[in-house]
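Listed below are the residues making up each chain.
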Amino acid sequence: MKRPAAFALALLWATPLIGGTAFGQTPDARRSGFEEMSRESQAMQRDDTANPGMFAVLDGEELWKAKAGSAGASCADCHGNAETSMKGVAARYPSFSAVRNAPVDLQGQINICRETRQHASPLPLEGHDLLALTAYVGRQSRGMPIAPPDDVRLEPFRRQGEALYKMRQGQLNFSCANCHEDHAGQSLAGSLIPQGHPSGYPLYRLEWQGIGSLQRRLRGCLVGVRAEPYSYGAPEYIALELFLMSRATGMSVETPAVRP
Amino acid sequence: MARVLISLPKARKGEVVEIRTLIQHPMETGYRPKGDGTSFPRDIIQNFVCKLNDTEVFRADLFPAISANPFIAFTIKAAQGGTMTFSWTDDQGRSQTETADFVVE
């Protein structure tokens, strides 16, 4: 009689282990926006023939091989096959750029490459070509854990990002944290407030009917609280991206994700 | 022209299969203001036709309320295999045709 009881107890102990929790750790309460979506939107993201973000990935694949600038070089000329050379790259951006002496996100890094290697003009931020290239590079990290670089030079910028995340602003006087920490999982009008983990950017947003970057998403929130949005590529956005990515450390990259 | 993604699964004879298509298109409604008092001209896909060995098996008319990059999924009963042709025609008279082999075992 004693043994089955012990066995049942052992099972009870083992159950949280299956859920990915080790002893002495609190369970991971972080949820990707994917889990909050409707089943139909989830199916759309899962199926590469139904995910409209794949159009950007395919456009990006073409651009990867296209020669550009006065150097007449393509991305592939230096980096070779993106499927191997770009694996895991998107999971560790924003990174510190020695060229700019500042952190840059993946889009910024692509433009640095264009200027210094291809001798071409930088692609306009939030333009289709840059988003497509970023989506193609990001796609190569799909399923890999977000792994921000362990670089001390990034630390002050990450702290700046955290401060911005917690800073109230705009006419409505809200911080990012007011919604995405304090009220995540509740609704804002008809929409569910996600925890705000940037795991699938650039992503296809059904509301935009197109692909957009994390900066566009942040801009949308800033306009929502009636604050003046920063211009694309602003250091404030990069700092916020740095903080958000470190907050999502270990979550899977979903690029190109679909969101409502 | 535009990019197309098609999911056409293999089928057993008599089975009902779902065919899914996605095409890259702006589906400009004609109602979006330009900011100067005029609107962006309408440019939508007007119709979609799917044929199996030149026999029409599915047709759809599209309207301005349909989102960009329209996704069309439909089911057919797999009676015979052959060449499946998918074609989309838009307001500008541009038409795109894709073909795929429909395998029925």
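Residues numbered from 1 in each chain as written. Chains lettered and ligands numbered in written order. Predicted model: local features only at pLDDT ≥ 70, side-chain atom pairs only at ≥ 80, totals over all residues.

Enquirer: It is not clear to me how the overall build of chain B should be interpreted in this structure. Could you clarify?
Expert: When helices and strands are tallied, chain B shows zero helices and seven strands. By residue count, 16% of the 105 residues in chain B fall in the buried class. Counted over contacts in chain B with a minimum sequence separation of 6, partners at least 24 positions apart contribute 53%. (Helix = DSSP H or I, 4+ residues; strand = E, 2+ residues; numbered from the N terminus. Buried ≥ 20, exposed ≤ 12 C-beta atoms within 10 Å, placed from the backbone. Contact = placed C-beta atoms within 7 Å.)

Enquirer: Looking at this structure, I do not really get the sheet that holds strand β5 (residues 71-77) of chain B. What am I missing?
Expert: Sheets are built from strands that pair by backbone hydrogen bonding, the pairs being arranged parallel or antiparallel. Residue and element names in this part refer to chain B. Reading across from one edge, β1-β2-β5 is the order of the three strands in this open sheet, with antiparallel pairing throughout. Since the sheet does not close on itself, it has two edges, and those belong to β1 (4-7) and β5, each with one partner. Looking at each pair of strands side by side, their axes are set apart by 15° on average, direction ignored. Where β1 lies against strand β2 (residues 16-23), four bridges are found, and the strand directions are antiparallel. The residue bridging L5 from the neighbouring strand is L22, located in β2. (Pairing = 2+ DSSP bridges. Axes fitted to C-alpha atoms, helices over the stretch in contact; angles between N-to-C directions.)

Enquirer: Even after reading the chapter, I still don't get the sheet that holds strand β3 (residues 45-52) of chain B, so can you show me in this structure?
Expert: Residue and element names in this part refer to chain B. In spatial order, the strands read β4-β3-β6-β7; together these four strands make up an open sheet with antiparallel pairing. In the strand order of this sheet, the two ends are held by β4 (55-61) and β7 (95-102), each with one partner. For this sheet, the mean angle separating the axes of adjacent strands, direction not counted, is 15°. Where strand β6 (residues 82-90) meets β7, eight bridges bridge the pair, whose relative direction is antiparallel. If you follow F86 over to β7, its bridge partner there is E98.

Enquirer: What is the right way to read the interface of chain A and chain B from this model?
Expert: Many analyses report the size of an interface as the accessible area lost when the parts associate. With eight residues of chain A in contact, the opposing surface of chain B contributes 11 residues. Tallying contributions element by element places helix α4 (residues 53-65) of chain A first for the side of chain A that touches chain B, with three residues.

Enquirer: Looking at this structure, how should I read the confidence of the model for chain A?
Expert: Interpreting fine coordinate detail is not advised for predicted regions of low pLDDT. In the predicted model, chain A carries a mean pLDDT of 90, and the fraction of residues at 70 or more is 90%. Note on residues 4-22 of chain A: pLDDT is under 50 here. Beyond four places in sequence and across chains, it has five contacts. (pLDDT = per-residue confidence, 0-100.)

Enquirer: How do you make sense of the nonpolar core when you look at a structure like this?
Expert: As a rule of thumb, nonpolar side chains are buried together in soluble globular proteins. Counting residues in hydrophobic clusters, the biggest one holds 53 residues, and the most contacted among them are A56, A132, L133, A135, Y136, V137 and L242 of chain A. Mapped by element, the contributors of at least two residues to this core are α4, α7 (106-116), α8 (128-139), β5 (203-205), α11 (214-224) and α12 (235-247) of chain A together with β2 of chain B. Contact partners of L242 of chain A, with chain neighbours within four places excluded, come to P94, P103, L154, F157, R158 and G161 of chain A. (Core = buried A, V, L, I, M, F, W, Y, C linked by C-beta atoms within 7 Å.)

Enquirer: Which parts of the structure should I look at to understand the packing of α4 of chain A against α8 of chain A?
Expert: If you want to describe how two helices pack, look at the angle between their axes and the distance between the axes. Residue and element names in this part refer to chain A. It is at 7 Å that the axes of α4 and α8 come closest, and there the two elements cross at 95°. Taken together, the axes of α4 and α8 are roughly perpendicular relative to one another. Listed contacts from α8 to G53, A56, V57, D59, G60, E61, L63 and W64 of α4 are D129, L131, A132, L133, A135, Y136 and R139. Taken together, the residues of the contact of α4 with α8 break down into nine nonpolar, two polar and four charged. (Parallel < 35°, antiparallel > 145°, perpendicular 65-115°, else oblique. Nonpolar A, V, L, I, M, F, W, Y, C, P; charged D, E, K, R; others polar.)

Enquirer: What am I meant to see in the environment of F34 of chain A here?
Expert: Residue and element names in this part refer to chain A. Positionally, F34 belongs in helix α2 (residues 33-36). C-beta crowding within 10 Å serves as the criterion here: with 20 such atoms nearby, F34 is assigned to the buried category. Sequence separation of F34 and A257 is 223 residues, and the distance between their C-alpha atoms is 8.0 Å. Once residues within four sequence positions are removed from consideration, F34 is found in contact with Q42, Q45, E254 and A257.

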